[in-house]
Amino acid sequence: MSKEEAFTQIIKDHQGLIFKISALYTEQKQDQNDLYQEIVYQLWKSFDSFRAESKISTWMYRVALNTAISQLKKRKRRPNAVPMDKVVVPTTETVDVEFEERVKTLYVHIQKLNILDRGLILLLLEGKKYEDIAEITGLSITNVGTRISRIKQKLKSEMTKK
Amino acid sequence: MELQELQTLWSEMSQELEQQKKLTNELIMKMTQERYSNKFQKISMYETIGAVICFISALFILLKFTVLDTWYLQLCGAFTVLFLILLPILTLGSLNRIKRINLAENSFKDTIVQFTKAKKQLLLLQRIGIYLSFLLMFTILPVASKIGKGKDLFLETNIWYVYLPVMAIFLFFFARWGYGCYKNITSSAENILGELE
């Protein structure tokens with residue numbers, strides 16, 4: 001398998017991961033597309049330096065989250081302004097409006113967190129263990145645990161406000 | 001929505017995304033090569049074009065510097081030239097610091113720390129730039145008038161009666177707006193740095 005083939009296969013397998021990160025760190029559709037492309041570009045650039053010591057997904061999360069931070073623009077405080085077209089669009093013909101609405105609310109809650117906490121909660125929701133999260137973020141496992149319980153409390157109180 | 005619900009919803013959404021595999025090999029490779037219509041790349045392009053314009057203007061003033069025949073015109077000329085050369089160099093350097101962050105090797109925490117520091121430096125520079133540009137408005141007018149028309153504006157007092165008050169009002173509102181923006185962004189930057197360092 002050539003380098004290009006291997007790379008395209010990896011991107012295809014993990015395109016949901018790139019989508020979710022670019023959606024969490026942008027507010028507008030155009031910015032989301034730009035960030036998506038930038039992540040793919042950065043992954044390609046560092047593909048040669050990827051060492052099989054870590055899991056491919058760990059490397060991808062790290063590069064994608066780092067890229068999202070490096071491309072952060074000054075955000076306007078509009079936490080409820082998540083456009084509908086930036087969340088999941090069902091592939092079936094019948095659009096589940098309720099599901100869309102819930103996903104939208106989910107994004108709104110997470111986007112209210114700071115840039116570090118957003119990354120941590122994303123990794124937790126993706127089912128990553130504390131050790132993996134620590135490896136990706138560079139925080140200690142204890143620190144990850146403390147922060148995550150704080151984020152959970154923050155989210156809980158935010159969600160019960162509604 | 002409870003936390004457990006949040007996790008279930010995230011998994012449902014991930015499954016939906018799994019079904020939406022839209023990327024083709026061609027599209028992926030295009031993204032790696034062309035970086036088409038990427039807004040982020042345009043920022044430093046605008047800064048570079050701006051810097052080139054500043055350097056050309058500075059060079060023009062330097063070539064005509066002997067026309068500035070009084071000490072105050074020479075002082076205005078020197079300030080203008082320094083401003084047009086130094087500020088773009090410092091801004092481009094600051095942008096470069098952001099670009100140099102190693103996205104492949106850094107941990108998420110290191111990237112946040114480096115990016116936040118570089119962003120703070122850039123914002124400080126932009127803020128200084130805003131204030132200095134008002135001084136530039138004051139110095140560039142007599143320099144341009146002397147080089148372009150041979151007139152010493154300091155001897156023609158009438159123009160200053162209009163120019164100075166207008167400039168002062170503009171400076172007041174612009175500086176207040178600039179300070180507000182800077183304060184908000186840097187305080188959130190300070191918070192995140194405080195937590196991480």
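Residues numbered from 1 in each chain as written. Chains lettered and ligands numbered in written order. Predicted model: local features only at pLDDT ≥ 70, side-chain atom pairs only at ≥ 80, totals over all residues.

A. Just the overall build of chain A, in detail. Looking only at helices and strands, one finds eight helices and zero strands in chain A. Starting at the N terminus and ending at the C terminus, chain A contains elements arranged as α-α-α-α-α-α-α-α. Looking at the 162 residues of chain A, the share that counts as buried comes to 36%. Sequence separation of at least 24 residues holds for 61% of the intrachain contacts in chain A that already meet a minimum separation of 6. (Helix = DSSP H or I, 4+ residues; strand = E, 2+ residues; numbered from the N terminus. Buried ≥ 20, exposed ≤ 12 C-beta atoms within 10 Å, placed from the backbone. Contact = placed C-beta atoms within 7 Å.)

B. Representation of the overall build of chain B within the structure. A tally of regular secondary structure across chain B gives six helices and zero strands. Along the chain direction, N to C, the helices and strands of chain B fall in the order α-α-α-α-α-α. Taken across its 197 residues, chain B has 15% of its residues classed as buried.

C. Here's a closer look at helix 5 (residues 97–111) of chain A. All names here are of chain A. Between its terminal C-alpha atoms helix 5 stretches 21 Å, which fits the 21 Å expected from 15 residues at 1.5 Å a residue. Considered for burial, the residues of helix 5 that qualify are Val103, Leu106 and Ile110. For helix 5, the arc enclosing every buried residue in end-on projection is 55°, short of the 170-degree limit, so these residues lie on one face. Structural note: helix 5 exposes Val97, Glu98 and Glu101 on the side pointing more than 90 degrees away from its buried face. (Expected span 1.5 Å × (residues − 1). Arc of directions from axis to C-beta.)

D. Molecular detail of the nonpolar core. Among the nonpolar cores identified, the biggest contains 48 residues, and A:Ile21, A:Ile39, A:Val40 and A:Ala64 are the most heavily contacted of them. Among the elements that take part in this core, helix 4 (residues 56–70) of chain A stands out by supplying eight residues, more than any other. The residues touching A:Ile21, leaving out its near neighbours within four places in the chain, are A:Ile39, A:Ala64, A:Leu65, A:Ala68 and A:Leu122. The next biggest cluster of nonpolar side chains, apart from the first, holds seven residues, and it includes B:Leu68, B:Leu73, B:Val81 and B:Leu84. (Core = buried A, V, L, I, M, F, W, Y, C linked by C-beta atoms within 7 Å.)

E. The packing of helix 6 (residues 115–125) of chain A against helix 7 (residues 130–137) of chain A, seen in detail. All names here are of chain A. Running from N to C, helix 6 and helix 7 cross one another at 145°; their axes reach a closest spacing of 10 Å. For the element pair helix 6 and helix 7, the recorded crossing hand is right-handed. Residues Gly119, Leu120, Leu123 and Leu124 of helix 6 lie in contact with helix 7, whose contacting residues are Ile133, Ile136 and Thr137. The residue inventory of the contact of helix 6 with helix 7, partitioned by class, reads five nonpolar, two polar and no charged. (Axes fitted to C-alpha atoms, helices over the stretch in contact; angles between N-to-C directions. Left-handed = near helix turned anticlockwise from the far one by under 90°. Nonpolar A, V, L, I, M, F, W, Y, C, P; charged D, E, K, R; others polar.)

F. A look at the environment of A:Ile133. Residues and elements named next belong to chain A. Secondary-structure assignment places Ile133 in helix 7. Between the alpha carbons of Ile133 and Thr58 there is a distance of 8.6 Å; along the sequence they are 75 residues apart. Excluding anything up to four places from it in sequence, Ile133 contacts Leu120, Leu123, Leu124, Lys128 and Val144.

Purely geometric stuff here, so don't read any function into it on its own.
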